[in-house]
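Close look at the chain arrangement
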Amino acid sequence: MTHIILLGPPGAGKGTQAALLVEDRNMIQLSTGDMLREAKDSGTEMGKVVADVMARGDLVTDEIVIGLIREKLLGDKAGGFIFDGFPRTLAQADALAELMEEQGEVLDHAIELQMDDDVLVDRIVGRAADAAAAGKPVRADDNAESLKIRLMAYYKQTSPLLGYYHAKGLLRGVDGLGTMDGVKADIAGVLKA
Ligand code: AMP
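Remember, it's a predicted structure, so these values are computed and weren't measured experimentally.

Rules of the game
Residues numbered from 1 in each chain as written. Predicted model: local features only at pLDDT ≥ 70, side-chain atom pairs only at ≥ 80, totals over all residues. Heavy atoms only, no water. Phe/Tyr/Trp six-rings, centres within 6.5 Å; stacked < 30°, edge-to-face > 60°. Buried < 20%, exposed > 50% of the residue type's maximum accessible area, 1.4 Å probe, protein only. Near = heavy atom within 4 Å. Polar contact = N/O pair within 3.5 Å; in protein donor to acceptor, adjacent residues only side chain to side chain. Areas by Shrake-Rupley, 256 points an atom, 1.4 Å probe, with all protein chains shown as cover. Helix = DSSP H or I, 4+ residues; strand = E, 2+ residues; numbered from the N terminus.

A closer look at the packing of aromatic side chains
- Tallied over the full model, the rule gives four aromatic pairs.
- Ring centres of F81 and F83 lie 5.8 Å apart, and the angle between their planes is 50°; this geometry places the pair in the tilted category.
- Measuring from ring centre to ring centre gives 4.8 Å for Y164 and Y165, while their planes differ by 80°; the resulting arrangement is edge-to-face.
- Take Y165: its relative accessible area is 2%, and that puts it in the buried class.
- Through a chain of ring-to-ring contacts, the aromatic side chains of F81, F83 and F86 assemble into a single cluster.

Next comes the structure, spelled out in structure tokens:
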């Protein structure tokens, strides 16, 4: 069983690569973004609290996302966990380390999908346009204004995790600019090493 974190700015392809790992390795994707969107769509109290924060592009509180993850760690572990979009702050990273230890589990790798900001903007604006053209719902936060705030949140709050996991000997870099299959192959290389 392998447990990994996918790190990288919004639009780096974390969700796409996580879905491939679920398919190929029977791993379990734990996306706090998906969990929060579900809570929002189903109209739970917590969903109502987080809706505005998410639409704006800011981070929701550590307490809420740690609570969501805590519940999932108690469930099925299958081929291992892929943490997608979590942790996003140092407090979340410390909480994850504690929760994993409680479960007797070890984090194997923190894989950074390395990106270029201009590509991110194009990808996210493109994702919104594709969804709209196909009649699919467009994410409330896939617009230029939210994206600026999401990128700032990444650099201010999440990018310190790169140093944190480097210090723990867990950080692995992968070029996130390649094709979907290219990035997938690079991640497979990390998992084999
Ligand atoms: P994502 O789908 O990962 O891009 O997440 C969408 C939005 O959900 C983010 O912009 C945040 O508002 C919120 N979110 C997701 N994961 C976290 C997290 N680990 N900590 C705080 N906020 C989060």
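Okay, back to it.
Concerning the site of the ligand
- Around the ligand there are 16 residues in total, and T32, R37, D58, G85 and R88 lie nearest to it.
- One of the backbone N or O atoms of G85 is found 2.9 Å from a nitrogen atom in the ligand.
- Taking R88, its side chain carries an N or O atom lying 2.9 Å from a nitrogen atom of the ligand.
- For the ligand, whose accessible area on its own is 480 Å², the fraction buried by protein is 96%.
- Top element by residues in the shell around the ligand is helix α2 (residues 32-41). It accounts for four residues.

Distances and angles like these do not, on their own, reveal function.
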